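Structure assessment
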Amino acid sequence: MPIARFKVVLLGEGRVGKTSILLRYVKGERVPAYSDRQVSTLQASYLDKRLSLRAGQSASLSIWDTAGQERFHALGPIYYRDADGALLVYDITDFESFQKVRKWVRELRQIVGQEIAITIAGNKVDLESSRAVPEAEALDYAASVGATHVYTSAKLNKGLEDAFAELSERMATRRNETRGPGAAGLPGAKRSSISIVDDPVAPKKKDSCC
Amino acid sequence: FAKLLGADEVDMDALRSLAWNGVPGPRRSDVWRFLLGVLAPSAGDRAARLEDARAAYRAAVVAVLVDVPASERSAEDQQTLRQILVDAPRTCPGVPLFCHDRVQALIVNVLYAWAVAHPRSGYVQGMNDLLAVLLVVLVNNDVPWDGSDAQLLGRDASALSDAELDDVAADAYGMLTSLLGGLEDHYTHRQPGLQKTIEDVDGLLRRVDADLHKHLDDVGVLLLQVTFRWINCLLTRELPMKALIRLWDTCLAEPDGFSSFFPYVCAAFLCHFSETIRNMESEDVHLFLQTLPTADWGNDEIETLLSEAYILSTLFQNAPSHLQHEPDDISPFGPTWEEAG
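Looking at an unreviewed UniProt entry, one finds chain B named Rab-GAP TBC domain-containing protein, with Aureococcus anophagefferens as its source organism.

Per an unreviewed UniProt entry, the recorded name for chain A is Ras-related protein Rab-21, and the organism is Aureococcus anophagefferens. Quoted verbatim from the Subcellular location (unreviewed entry) field of the UniProt record, the comment on chain A reads "Endomembrane system". The record in UniProt for chain A states the following under Sequence similarities (unreviewed entry): "Belongs to the small GTPase superfamily. Rab family."

Encoded structure:
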């Protein structure tokens, strides 16, 4: 069975833990010691990961870890415009980082459309006692935009495998729905549906609060 | 160098041509401060001007940071300070010199004072890496540079008095201001100066290593993706400290070196790995270029790189059109170099 390739982009405010999540997920325990002082990511960096889907198929994720700082966001589209999935990360102890997630959802829906699979990850659950983002608000918001919400801790290596596995299942399902079974495995195949953003709920330009 | 620097009026042209070939470690702090205009060429008013600049820096820190309660800071300034506070501990993480509390405070002060004084670009991630290089040079002004990177990076900041560290901060601020002065467009909205440099590298690569250029095209790797960090951080993330500092000797000696000469350096650097890259698929190209095998690089490798860059610059600098795109060129940024939100 051919390997299904998916492109995934990690987005979120600076220092919410995107790079730590990715390094922990891709390299696992080979990361000798978790470091809470990861150098900042400039623009974007790349990693890949193989995993098995429930249907027995193998998937290969090409994951782009993007920079958190606003200045670099003009470059964002080259990383997410043909992405199959996005992991939007916030820090549960930082409400502002959760507000940024809303901005990313709007941007993705506007530019990529409805077909990108989105997972919202509340990171740093090891700091639960300092939580600043109400759980109900996060879960309601995720449901309202058709995203899955998960909790993760890069530090404790918690929730990461599950988050990517679940996201991969959704990406595979979506691809099979839009292109039919069999087409999913074509390496390097790009979805042709990027321009078909005619969903009436997609925010238009006038929604310029960001 | 001793003779040049000891003159009543330092001959800057002579200093530039000497520094181009590398500066001895213990002289570097002085030479870089001359090249970046922190030390005046004329010995007569050098001390007074240095003291004025240091006093101005100290006053600026008080004015923007100490005297301003958090509640009176604009939302934008708060965001800037927040970003700098996040990045200060992430500057060369784990390096003893930068872990010191007073050095952390210094990094925050210098970056924030600079950002407030330069609202057009403000603070952009990666500037902290540039500052780190300047600090390594400044605090190692009195030691032989024959040891390892670890020795330079392991300087014990607690051995410096508060007054000494204040002077380091002020001089670093002056150097950073001068360094970034020629590069402001690298860091403003959409980073046009940085885009221009990438276009220059693209034009050069097309001419000097067409096979590599074509291979990157074929596997869908954009120069923007692989050289962005090189240009945003002036190669600080790609090279070990001493090798990087040797590279900077030349870039600082060259007039406007980081804008005029730097594209040649980047092109030569990329070509250096041409054969390896041409045997790689897209994913491997990205992974390879993110963690280049340069950990063992020293002066020899850098000087080879600089000669290659120099040859490119002499081949092409009299043909200004070489850097321009042909009409049918596709921008390395693709059609989506657009504001997204």
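So that's the structure; there's more coming.
Regarding its fold elements, chain A presents five helices and six strands. Listed N to C, the secondary structure of chain A is β-α-β-β-α-β-α-β-α-β-α in terms of helices and strands. Put simply, chain A has 210 residues, and 55% of those count as buried. The long-range share in chain A, meaning contacts at least 24 apart out of those at least 6 apart in sequence, stands at 77%. Roughly 9,000 Å² of accessible area belongs to chain A as shown, and the carbon and sulfur atoms make up 52% of that amount.

With 150 residues, the main nonpolar core has Leu 88 of chain A together with Phe 98, Trp 248 and Val 265 of chain B as its most contacted residues. Residues within four places of Trp 248 of chain B in sequence aside, it is in contact with Trp 32, Leu 130, Val 133, Leu 134, Leu 179, Leu 234, Thr 236 and Phe 258 of chain B. Residues Phe 6, Leu 22, Ile 63 and Met 171 of chain A belong to the second largest nonpolar core, which totals 27 residues.

Okay, the domain arrangement of chain B next. Residues and elements named next belong to chain B. Annotation of chain B at the domain level lists domain 1 (1–182) and domain 2 (192–339). Its C-alpha centre places domain 1 at a distance of 27 Å from the equivalent point of domain 2. Across the contact, 28 residues belong to domain 1 and 24 residues belong to domain 2. Both faces combined, the contact of domain 1 with domain 2 buries some 2,100 Å², and carbon together with sulfur accounts for 66% of it. Where domain 1 touches domain 2, the interface holds two salt bridges. A salt bridge links Asp 129 to Arg 237, with the shortest nitrogen-to-oxygen separation between them at 3.0 Å. At the boundary of domain 1 with domain 2, the tally comes to 15 residue pairs in polar contact (both at pLDDT 80 or more). Listing elements by their share of the side of domain 1 that touches domain 2, those giving two or more residues are helix H2 (12–20), helix H3 (25–35), helix H8 (127–139) and helix H9 (149–153). Per-element tally for the side of domain 1 that touches domain 2: the top contributor is H8, with six residues. Across the side of domain 1 that touches domain 2, the residue classes break down as 16 nonpolar, seven polar and five charged.

Okay, the sheet that holds strand E3 (residues 58–66) of chain A next. Ordered by their spatial adjacency, six strands build an open sheet running E2-E3-E1-E4-E5-E6 (chain A), and the pairing between neighbours is mixed. Edge positions in the sheet fall to strand E2 (44–52) and strand E6 (148–151) of chain A, since each of these pairs with one other strand and no more. Strand-to-strand twist across the sheet, computed as the mean angle between neighbouring axes with direction ignored, equals 25°. As judged from the seven bridges shared by strand E4 (residues 85–91) of chain A and strand E5 (residues 117–123) of chain A, these two strands associate in the parallel manner. The residue of E5 of chain A that forms the bridge with Leu 88 of chain A is Ile 120 of chain A. Each of strand E1 (4–12), E2 and E3 of chain A touches helix H19 (residues 282–290) of chain B; the most contacted strand, E2 of chain A, lies at about 130° to it.

Moving on: the confidence of the model for chain A. The share of residues in chain A with pLDDT of 70 or more is 80%, and the mean pLDDT across the chain is 82. Residue range residues 182–210 of chain A is modelled with pLDDT below 50. Its contacts to residues more than four positions away, or to other chains, number 43 contacts.

Time to look at empty space enclosed by the protein. Taken as a whole and assessed by the stated rule, the structure comprises two cavities of 30 Å³ or more. Taken as a whole, the largest cavity spans an internal volume of roughly 60 Å³. Gln 43, Thr 66, Ala 67, Phe 72, His 73, Leu 75, Gly 76, Tyr 79 and Trp 104 of chain A together form the lining of the largest cavity. Its residues placed into classes, the lining of the largest cavity shows five nonpolar, four polar and no charged. As a volume, the second largest cavity reaches approximately 40 Å³. Leu 97, Val 103, Leu 106, Leu 135, Val 139, Ala 157, Leu 160, Leu 165 and Val 168 of chain B are the residues that line the second largest cavity. Breaking the lining of the second largest cavity down by element, the ones donating at least two residues are helix H7 (101–117), H8 and helix H10 (162–181) of chain B. Looking at the lining of the second largest cavity residue by residue, the class counts come to nine nonpolar, no polar and no charged.

All names here are of chain B. Unusually for a residue other than glycine, Arg 190 sits at a positive phi of about 65°. Note on placement: Arg 190 falls in the loop between helix H11 (184–187) and helix H12 (192–208). Positioned with a positive phi, Asp 256 is a non-glycine residue whose angle comes to about 50°. Along the polypeptide, Asp 256 turns up in the loop between helix H15 (241–253) and helix H16 (257–260).

Next up on the list: the interface of chain A and chain B. With 33 residues of chain A at the interface, the matching set in chain B holds 39 residues. Carbon and sulfur atoms make up 54% of the area that chain A and chain B hide from each other, which totals about 3,200 Å². Linking chain A with chain B are four salt bridges, by the criterion used here. Between Asp 94 of chain A and Arg 82 of chain B there is a salt bridge, with the nearest N and O atoms lying 2.9 Å from each other. Here chain A and chain B share nine residue pairs in polar contact (both at pLDDT 80 or more) between them. Elements with a minimum of two residues in the side of chain A that touches chain B: E2, E3, helix H2 (77–80) and helix H3 (95–111) of chain A. By residue class, the composition of the side of chain A that touches chain B is 14 nonpolar, nine polar and 10 charged.

How each quantity is defined
- Residues numbered from 1 in each chain as written.
- Chains lettered and ligands numbered in written order.
- Predicted model: local features only at pLDDT ≥ 70, side-chain atom pairs only at ≥ 80, totals over all residues.
- Heavy atoms only, no water.
- UniProt positions renumbered as here; feature names shortened; annotations may be inferred.
- Helix = DSSP H or I, 4+ residues; strand = E, 2+ residues; numbered from the N terminus.
- Buried < 20%, exposed > 50% of the residue type's maximum accessible area, 1.4 Å probe, protein only.
- Contact = heavy atoms within 4.5 Å.
- Areas by Shrake-Rupley, 256 points an atom, 1.4 Å probe, with all protein chains shown as cover.
- Core = buried A, V, L, I, M, F, W, Y, C linked by side-chain atoms within 4.5 Å.
- Domains from an automatic or database assignment.
- Buried area = accessible area lost by both parts, 1.4 Å probe.
- Salt bridge = Lys/Arg side-chain N within 4 Å of Asp/Glu carboxyl O.
- Polar contact = N/O pair within 3.5 Å; in protein donor to acceptor, adjacent residues only side chain to side chain.
- Nonpolar A, V, L, I, M, F, W, Y, C, P; charged D, E, K, R; others polar.
- Pairing = 2+ DSSP bridges.
- Axes fitted to C-alpha atoms, helices over the stretch in contact; angles between N-to-C directions.
- pLDDT = per-residue confidence, 0-100.
- 1 Å grid on protein atoms, 1.4 Å probe; cavity = no way out; pocket = protein on both sides within 12 Å on 5 of 7 lines; lining within 4 Å.
- Points joined across faces, edges and corners; volume = space filled by probe spheres on them.

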